[in-house]
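Summary of structural features
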Amino acid sequence: MACIRKRAPKATSAAVRRVMRENVGRETHPERKLRSLLFRSGLRFRKDYSPVPKERVTVDILFPRQGICIFVDGCFWHGCPLHFEVPKTHSSWWQEKIEDNRQRDARQTRLLRALGWSVIRVWEHEIKEDSISSKVREIKEVVQQMAPRDGRKRRGHR
Ligand SMILES: [Zn+2]
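Every value quoted in this text rests on a predicted model; they were computed, and no experiment measured them.

Attention now moves to the overall build of the protein. Scanning the protein for helices and strands turns up four helices and four strands. Starting at the N terminus, the α and β elements of the protein follow one another as α-α-β-β-β-α-β-α. Taken across its 158 residues, the protein has 23% of its residues classed as buried. Partitioning the contacts of the protein with sequence separation of at least 6, the portion at a separation of at least 24 is 66%.

Printed below as a string of structure tokens:
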């Protein structure tokens, strides 16, 4: 494990850069679309916001008053069990990198839940064209069911 990590500088190679570029574009687009549909459905939220700044946890879509954190996980970067395929070049480096990402996701989810937040993780593939509107409805229902909280979560919201 440790020796694989030492090979990380290969990330600067052209092949790795190409894979990174291809996959970054793939994941930001559905996330923006989800935000815009949630906004149009009347929901108001913060984006890219950390409810626990000390831990550097950036939540993609945050509902501070309802205590809900939503993450949109790209199928590539977050290692979707259905769609992640290890790139052919530098495959062991990639495998380790994506595994690190998955463990970080799990740690962040545990931390936020321990602090009393509800955490929803949405896969990029769940918000493709054919399924995004049902996901929006689902999220809206959850947000509406969670009564706005008083106290610390509300502070600084306005
Ligand atoms: Zn997927």
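What follows covers helix H3 (residues 91-114). Taking 1.5 Å of rise per residue, 24 residues should cover 34 Å, and H3 covers 35 Å from first to last C-alpha, within 8% of that figure. What H3 keeps buried is the set Trp93, Trp94, Gln108 and Leu112. Directly beyond the C-terminal end of H3, a positive phi value near 95° is found at glycine 116.

What follows is about the confidence of the model for the protein. Close inspection of predicted coordinates is inappropriate in any region flagged by low pLDDT. Scored by pLDDT, the protein comes out at a mean of 85, with 84% of its residues at no less than 70. Note on residues 151-158: pLDDT is under 50 here. Beyond four places in sequence and across chains, it has eight contacts.

Core analysis: the largest hydrophobic core is formed by 22 residues, its most contacted members being Val59, Ile61, Leu62, Cys69, Ile70, Phe71 and Val122. Taken together, the elements giving at least two residues each to this core come down to helix H2 (14-40), strand E2 (59-63), strand E3 (68-73), strand E4 (118-123) and helix H4 (132-145). When sequence neighbours within four positions are dropped, the list of residues in contact with cysteine 69 reads Pro51, Val59, Leu62, Leu112, Trp117 and Val119.

Turning next to unusual backbone geometry. One non-glycine residue with positive phi stands out, namely aspartate 48, at about 45°. Within the secondary structure, aspartate 48 is located in strand E1 (residues 46-49). Non-glycine residue histidine 90 carries a positive phi angle of around 55°. The exposure class of histidine 90 is buried, given the 20 C-beta atoms found within 10 Å.

Calculation rules
- Residues numbered from 1 in each chain as written.
- Predicted model: local features only at pLDDT ≥ 70, side-chain atom pairs only at ≥ 80, totals over all residues.
- Helix = DSSP H or I, 4+ residues; strand = E, 2+ residues; numbered from the N terminus.
- Buried ≥ 20, exposed ≤ 12 C-beta atoms within 10 Å, placed from the backbone.
- Contact = placed C-beta atoms within 7 Å.
- Expected span 1.5 Å × (residues − 1).
- pLDDT = per-residue confidence, 0-100.
- Core = buried A, V, L, I, M, F, W, Y, C linked by C-beta atoms within 7 Å.

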